[in-house]
Amino acid sequence: AQTVTQSQPEMSVQEAETVTLSCTYDTSESDYYLFWYKQPPSRQMILVIRQEAYKQQNATENRFSVNFQKAAKSFSLKISDSQLGDAAMYFCAYRSYNAGNMLTFGGGTRLMVKP
Amino acid sequence: GAVVSQHPSRVICKSGTSVKIECRSLDFQATTMFWYRQFPKQSLMLMATSNEGSKATYEQGVEKDKFLINHASLTLSTLTVTSAHPEDSSFYICSAVRQGLGAGELFFGEGSRLTVL
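Here the residue numbers are simple positions, counted from 1 along each chain's written sequence. Naming scheme: in the order in which they are written, chains are lettered from A and ligands are numbered from 1. A pLDDT threshold of at least 70 governs which residues receive local features in this predicted model, and a stricter bar of 80 or more applies before side-chain atom pairs are shown or counted, although totals over entire chains, interfaces and linings include all residues. Hydrogen atoms and water are omitted, and side-chain values are computed over all heavy atoms in the structure.

(A) View of the interface of chain B and chain A. Tallying the contact residues gives 20 residues for chain B and 17 residues for chain A. By buried area we mean the combined loss of accessible area, with a 1.4 Å probe, across both parts when two parts are placed together. Of the roughly 1,600 Å² buried between chain B and chain A, counting both surfaces, carbon and sulfur atoms make up 53%. Salt bridges are defined as contacts in which a side-chain nitrogen from Lys or Arg sits within 4 Å of a carboxyl oxygen from Asp or Glu. The tally of links between chain B and chain A comes to 0 salt bridges. Contributions of two or more residues to the side of chain B that touches chain A are made by strand E4 (32-38), strand E5 (44-51), strand E9 (90-98) and strand E10 (105-108) of chain B. In terms of residue class, the side of chain B that touches chain A is built from 10 nonpolar, 6 polar and 4 charged. Whether two residues touch is decided by their heavy atoms; if any such pair falls within 4.5 Å, the residues are in contact. Helix and strand definitions here come from DSSP, where helices need a minimum of 4 consecutive H or I residues and strands a minimum of 2 consecutive E residues; each element is numbered from the N-terminal end. Here the nonpolar group is Ala, Val, Leu, Ile, Met, Phe, Trp, Tyr, Cys and Pro; Asp, Glu, Lys and Arg are the charged ones; every other residue, Gly included, is treated as polar.

Structure representation (C-alpha cells):
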C-alpha cells in the first residue's frame, strides 16, 4: 500500500515571500500521479497542481511549482509571491496509475500567511 | 469546470436516527465516486468507493451496514449514516471521477458536516 507523509504540520510565510511545503511518499509502482490540493476554511478541496510520474519536467501553475524527485520519492510544493488567500490546509496526494482513481492523502500542512 | 454538489452542507440529528447525504455530478456522468471522512484538523480518510450499478467497495475498518452507499445513477451517489451516534459526527466529502483522456479527473463536493447530538 502507498503512504504519503507531510512532515510539516504547520508552516508560516510572510506575504510576498516564498514557501516550500514538503511531501514524501512510498510506493513500489513506477507509474502514478501526484497532486497538491488546497483546502481553505470553506473546506472545499481545490486542485493546485498535478504531476505525472513519467514526466521528468516539474509541473508549474502560475505561482505554484513542484520539485519532483522520483528516485527520492519526494514531491514538494513551492508557492512564490505568497498571498493572504493562500492561507489554507495543503494536502499532498498519490494516485496509482492502474488501480482506479482513488487518492491517498498525506496528513496535511496548515499554511499561515502573515501580512 | 466540472461541478460536484453535496447536500446537505450541514445536518444536525439526534442519536439513533439515520441521515442521508447526496453527492451529485452536475455536468458529467460519474461511474465512480468516492466517499471520504475528515475529522477536525486531520486528513481525508477514504471510506468507500461507490460504483454505479454495483455494490460499493469499503475500506478496511468501515462498517458497510453503518454507512450505506447507493450509486443508482451516473450522476448520484448517496451515503446514509444509519443509527447515527455522536462518534459519527464528522465532515464527509465526496469526489466524482470524470472520465476522459488518460486516467480521468477527480472533482470534489463541498462537503457535509454531520453533527449527532
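Continuing now.
(B) Structural detail: the pairing of strand E11 (residues 112-116) of chain B. Residue and element names in this part refer to chain B. Using a 1.4 Å probe on the protein chains alone, a residue whose accessible area is under 20% of its type maximum counts as buried, one over 50% counts as exposed, and one in between counts as partly exposed. Here E11 shows a buried face lined by Ser-112, Leu-114 and Val-116 and an unburied face lined by Arg-113 and Thr-115. For two strands to be treated as a pair, DSSP must find at least two bridges joining them. Bridge count for E9 against E11 is 3 bridges, and the pairing is antiparallel. Residue pairing for E11: Phe-91 is matched across the bridge by Arg-113.

(C) Representation of the state of the cysteines within the structure. Residue and element names in this part refer to chain A. Defined by distance alone, a disulfide is two cysteine sulfur atoms within 2.5 Å. Taken as a whole, this structure holds 2 disulfides over all chains when the rule is applied. The disulfide that involves Cys-23 links it to Cys-92, with 2.0 Å between the sulfurs. The S-S bond linking Cys-23 to Cys-92 shows a torsion near -70 degrees; that makes this disulfide left-handed. Here Cys-23 is found in the loop between strand E3 (19-21) and strand E4 (24-26), whereas its partner Cys-92 is found in strand E10 (residues 88-96), with 69 residues between them in sequence.

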